[in-house]
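Spelled out from the first residue to the last, the chains are:
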Amino acid sequence: MNEDMKCPECGNELKEGYIFSPRRISWSESGESIYMDYGSETLVKDAWLKVKKIPALRCEACHLVVFKYK
Ligand SMILES: [Zn+2]
């Protein structure tokens, strides 16, 4: 990832770290609540045994996190 990436909102330098989740992370273009995640796109699959950490950048001022899902 580009190391000197700046926050798109405030322009601060983003801090490097890792994002991880024991559950899948999904994407939907609709903001409506759903019971099942049917129709949504899985960005990060469920973890089995080992939790995969994804390199990420975050802005502590804006509470914004940027990560690549592939
Ligand atoms: Zn920011």
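A few points on the structure. From a predicted model like this one, the values you see are computed outputs, not experimental measurements.

This structure, assessed with the given rule, holds 2 salt bridges. Between Glu 60 and Lys 15 there is a salt bridge, and its shortest N-O distance comes to 3.6 Å. You can see Glu 60 sitting in the loop between strand E4 (54-59) and strand E5 (64-67) and its partner Lys 15 sitting in strand E1 (residues 15-19), a full 45 residues away along the chain. Judged by relative accessible area, Lys 15 falls into the partly exposed class, the value being 49%. A salt bridge links Arg 58 to Glu 60; the nearest nitrogen and oxygen atoms lie 2.9 Å apart. Note on Arg 58: relative accessible area 42%, which makes it partly exposed. The class of Glu 60 is partly exposed, set by a relative accessible area of 43%. Each of the salt bridges in this network shares a partner with another, and the network as a whole consists of Lys 15, Arg 58 and Glu 60.

Calculation criteria
Residues numbered from 1 in each chain as written. Predicted model: local features only at pLDDT ≥ 70, side-chain atom pairs only at ≥ 80, totals over all residues. Heavy atoms only, no water. Salt bridge = Lys/Arg side-chain N within 4 Å of Asp/Glu carboxyl O. Helix = DSSP H or I, 4+ residues; strand = E, 2+ residues; numbered from the N terminus. Buried < 20%, exposed > 50% of the residue type's maximum accessible area, 1.4 Å probe, protein only.

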